[in-house]
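# An overview of the molecular structure
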Amino acid sequence: MNLTELLAGDSLKVAPALLGMTLRSEIGTPVEIEITEVEAYRSVEDSASHAYRGRTARNGSMFEAPGTLYVYRSYGIHWCANVVTGPVGSGQAVLLRGGDPLLGIEIIRHRRGRTTDLCNGPGKVCQALGITGDCDGTSLLTGPLVLLAGVARRHRTTPRIGISKATDHPWRFVAIRD
DNA sequence: ACGAGGATGCTCT
DNA sequence: GAGCATCCTCGTC
């Protein structure tokens, strides 16, 4: 199964498959991280999802083709990035919550303004990769952010964090490091 | 180690 | 005008 077919699947299935894959940013000098933590968000049946109340100006890219990047501003300060999944118009996405630097760690350290805790959080991932609202609606199949095959990882599941609704579903997926 | 609180902007009610 | 899919610093223990 190729990447396009994978991303067209349900977010609950795509989320764990993203663990271990490489996310490459070609914004400036290329930087890469290995995806280590994600959360699946569904559509109108998921009250925690931005798509819960249907398509709006902010969440429009969530309803685009699978592989589209959905970027939104969080708490007025940070950016958060999602991989859109499922059939076009279904409004599903996978939030990128964490990663490990693979390439360009010095650039990442400079962008982050510190040398530790570089990508362990959704806002940090975006800062490390240079992702901003300008990236909203771009495709991970064409760039400037690109998803590349990696190593399959085992994972554990937990409830999603940082949300106040639909907290009972174990839709957070964390890679297990050997 | 852990918890409280502030920064900050935009969307939707 | 409320409510965020967050992060960082600083205060305690």
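Residues numbered from 1 in each chain as written. Chains lettered and ligands numbered in written order. Predicted model: local features only at pLDDT ≥ 70, side-chain atom pairs only at ≥ 80, totals over all residues. Heavy atoms only, no water.

### A closer look at the pairing of strand 3 (residues 69-74)
- Burial runs high along strand 3: five of the six residues are buried.
- In textbook terms, the turn of a hairpin is the stretch between consecutive antiparallel strands, and for strand 3 and strand 4 (residues 78-85) this stretch comprises three residues, one of which, Y75, has a positive phi near 50 degrees. (Buried < 20%, exposed > 50% of the residue type's maximum accessible area, 1.4 Å probe, protein only. Helix = DSSP H or I, 4+ residues; strand = E, 2+ residues; numbered from the N terminus. Pairing = 2+ DSSP bridges.)

### Regarding the protein's contact with DNA strand B
- Close contacts around DNA strand B come from R53, T56, R58, Y75, G76 and I77, and that covers them all.
- Each atom of DNA strand B within 4 Å of the protein was assigned to sugar, phosphate or base; sugar and phosphate come to 55%.
- Separating a phosphate oxygen of DNA strand B from a side-chain N or O atom of T56 is a distance of 2.3 Å.
- Between G76 and DNA strand B, the recorded distance is 3.2 Å, taken from a backbone N or O atom to a sugar or linking oxygen.
- Class assignment for the residues of the surface near DNA strand B results in two nonpolar, two polar and two charged. (Near = heavy atom within 4 Å. Polar contact = N/O pair within 3.5 Å; in protein donor to acceptor, adjacent residues only side chain to side chain. Nonpolar A, V, L, I, M, F, W, Y, C, P; charged D, E, K, R; others polar.)

### Regarding the state of the cysteines
- With the rule as written, the count across this model stands at zero disulfides.
- This cysteine, C119, is not joined by any disulfide, and C126 carries the nearest cysteine sulfur, 10 Å off. (Disulfide = S-S within 2.5 Å.)

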